[in-house]
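So you can see what is in the structure, the chains are spelled out below.
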Amino acid sequence: MYEKKIPLSLNCGLDLIGEVLYGKWKIRLLWFINEGYKRPSELQRKIPDASRRVLNVQLKELEEHELVAKVIYPVVPPKVEYSLTEFGKTLIPVISALGNWGDEHQELLKKVILK
């Protein structure tokens, strides 16, 4: 099992949000689940650059942080669906604001990222 080398710092809201949302695909997963893409295969199609394993790990972490809920239906083959919890829904306006900021500064962001 992976053990962090640096101790957790949970002294302020930024530390807390960083700990919960750290992961390349977590914000996009939350957004797409909110948009109605609930099955793992649907999420994989929406984020083709991410491996299935990485998506599963990040979905599990979001579930552990009580941002998403996982329902496993007792059918063959197994059917799994994810949904946002009430707590997870509170992040959607924040994610939307971040996306709007990125859209507004798209040219400058691309320029500095591609340096």
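Everything here concerns the structure above.
Here goes a summary of the coordinates provided. (Residues numbered from 1 in each chain as written. Predicted model: local features only at pLDDT ≥ 70, side-chain atom pairs only at ≥ 80, totals over all residues. Heavy atoms only, no water.)

Attention now goes to the packing of aromatic side chains. Using the criterion set out here, one finds one aromatic pair in the structure. Seen in terms of ring centroids, Phe32 and Tyr37 are 6.2 Å apart; in terms of plane orientation they differ by 90°. Their pairing is edge-to-face. Residue classification places Tyr37 among the partly exposed residues on the basis of a relative accessible area of 30%. Sitting over the face of the ring of Tyr73, Lys79 holds its NZ or CZ atom 5.1 Å from the ring centroid. (Phe/Tyr/Trp six-rings, centres within 6.5 Å; stacked < 30°, edge-to-face > 60°. Buried < 20%, exposed > 50% of the residue type's maximum accessible area, 1.4 Å probe, protein only. Lys NZ or Arg CZ within 6 Å of the ring centre and 35° of its normal.)

A full pass over the atoms with the stated rule returns four salt bridges. The salt bridge involving Lys60 is made with Glu64; its shortest N-O contact spans 3.3 Å. Of this pair, Lys60 and Glu64 both sit in helix 4 (residues 52–64), four residues apart, roughly one helical turn. Overall, Glu64 belongs to the exposed group, its relative accessible area being 52%. Its salt-bridge partner being Lys89, residue Glu86 comes within 3.2 Å of it at the nearest N-O pair. Taken together, the residues Glu86 and Lys89, both in helix 5 (residues 86–89) and three residues apart, mark about one turn of the helix. On the accessibility criterion, Glu86 (60% relative accessible area) is exposed. Residue classification places Lys89 among the partly exposed residues on the basis of a relative accessible area of 40%. (Salt bridge = Lys/Arg side-chain N within 4 Å of Asp/Glu carboxyl O. Helix = DSSP H or I, 4+ residues; strand = E, 2+ residues; numbered from the N terminus.)

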